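Below, each chain spelled out in residue letters.
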Amino acid sequence: MLLDEIEKVISKDKIYINEPMSKHTSFKIGGPAEIFIKVNEIKDLQAILKISKENNAPITVIGNGSNVLVSDEGIKGIVVKIELEKLEIEEDVILKVGSGVKLAFLAQKCLKEELEGFEFASGIPGTIGGAIRMNAGAHGSEMKDIVKNITYMTRDGNIQIISNEEAKFEYRNSIFSQNDYIILEAEMQLRKGNPEEIKSKMDEYAKYRKEKQPIEYPSAGSTFKRGNDFITAKLIDECGLKGYQIGGAQVSEKHAGFIINKGSATAEDVKQLMKYVEEQVYNKFGKKIETEIEII
């Protein structure tokens, strides 16, 4: 049996059965994961991949669950939550960071070490792995601006390293969004800075986020990608959709680009609302908008 095999190689305190995914996503939505495993060692990840392959069991990998919508039915097979939390500083300005390190934590560490260049990510509620995968960005900066190289694992358990160029970073996209690679760690280049200026920037970004974004409600961050020649949130607003609700899911009254969970939203509510918003924008402006969040 699949579970028996996993328990032979993974410590039982890291394994959860029928674990509600609503506990592991920033949307606070999602049915149960059949087998949920927290992984903080690379050898454990390799062992799980091997078992899943031998048993033909599907495997889903998540980080902080901040950019995903998990279906109400939950997730079949194995869900792996990456908690690789390595953090080393070399030559004062080069960081080697595990993919499970939270961006907010790393931003505070950079402040303490007087390193600038990471302030933009201080308010993004995700991990390094997720941020690299989707080339997360804010305030005019993106992960591609600071990442030197990335170490990842293929689904066969092989470990590879690729450069920034090879990662093919684009707007909210990278080679990792297109493949099943599992990011293990990244090397990032920052620079020495003035701690007062670093803190001032982080405070300014936090204030902006609090004023402009509905951070008081569960969401998966910005729901829709920006268009090539238009601001998506502006079009949604001009369709009069702010505050529009289906079930417990609502287009935020504070920022039209966010769909929020008012407390009782199901994944189906969110999906229906996303579809409705897309249709309304297309009908009024002839523009196709794309979702930024990943549906599992």
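Above this text sits the structure in question.
Residues numbered from 1 in each chain as written. Predicted model: local features only at pLDDT ≥ 70, side-chain atom pairs only at ≥ 80, totals over all residues. Heavy atoms only, no water.

A. Fine view of the pairing of strand 2 (residues 32-39). Two elements, strand 1 (residues 15-20) and strand 2, share 5 bridges in a ladder whose sense is antiparallel. Residue pairing across strands places Ile15 opposite Ile37, the latter belonging to strand 2. (Pairing = 2+ DSSP bridges. Helix = DSSP H or I, 4+ residues; strand = E, 2+ residues; numbered from the N terminus.)

B. How the structure looks around the sheet that holds strand 13 (residues 182-189). In spatial order, the strands read 6-7-13-11-12; together these 5 strands make up an open sheet with antiparallel pairing. Pairing within the sheet leaves two strands with one partner each, and these edge strands are strand 6 (87-90) and strand 12 (159-163). Taken pair by pair, the neighbouring strands of this sheet meet at an average axis angle of 15°, ignoring direction. (Axes fitted to C-alpha atoms, helices over the stretch in contact; angles between N-to-C directions.)

C. A look at the pattern of salt bridges. As enumerated under the stated definition, the model contains 26 salt bridges in all. Of the charged contacts in the structure, one is a salt bridge between Glu90 and Lys96, with a shortest N-O distance of 3.5 Å. Here Lys109 and Glu113 are joined by a salt bridge, their closest N and O atoms 3.4 Å apart. (Salt bridge = Lys/Arg side-chain N within 4 Å of Asp/Glu carboxyl O.)

D. The nonpolar core, seen in detail. Counting 36 residues, the largest nonpolar core has Leu106, Phe118, Ile128, Ile132, Met143, Phe176 and Met188 as the members making the most contacts within it. Residue assignment for this core shows that the elements contributing at least two residues are strand 7 (94-98), helix 3 (103-112), helix 4 (128-133), strand 11 (147-153), helix 5 (175-178), strand 13 and helix 6 (195-212). Per-element accounting of this core gives the leading share, 5 residues, to helix 3. Discounting chain neighbours no more than four positions away, the residues touching Ile128 are Val97, Gly98, Ser99, Val101, Leu103, Leu106, Phe118, Met143, Ala186 and Met188. (Core = buried A, V, L, I, M, F, W, Y, C linked by side-chain atoms within 4.5 Å. Buried < 20%, exposed > 50% of the residue type's maximum accessible area, 1.4 Å probe, protein only. Contact = heavy atoms within 4.5 Å.)

E. Here's a closer look at the environment of Tyr276. Examined against the element boundaries, Tyr276 turns out to sit in helix 8 (residues 267-285). The class for Tyr276 is partly exposed, based on a relative accessible area of 25%. Sequence separation between Tyr276 and Glu5 is 271 residues; the distance between their C-alpha atoms is 44 Å. Sequence-distant contacts of Tyr276, defined by excluding residues within four places in its chain, comprise Leu241, Tyr244 and Ile246.

F. Layout of the packing of helix 3 against helix 6. At their nearest, the axes of helix 3 and helix 6 sit 9 Å apart, and the two run at 155° to each other. Judged on the interaxial angle alone, helix 6 and helix 3 are roughly antiparallel. Within the contact between the two elements, helix 3 uses Ala107, Gln108 and Leu111 and helix 6 uses Pro195, Ile198, Lys199 and Met202. Its residues placed into classes, the contact of helix 3 with helix 6 shows 5 nonpolar, 1 polar and 1 charged. (Parallel < 35°, antiparallel > 145°, perpendicular 65-115°, else oblique. Nonpolar A, V, L, I, M, F, W, Y, C, P; charged D, E, K, R; others polar.)

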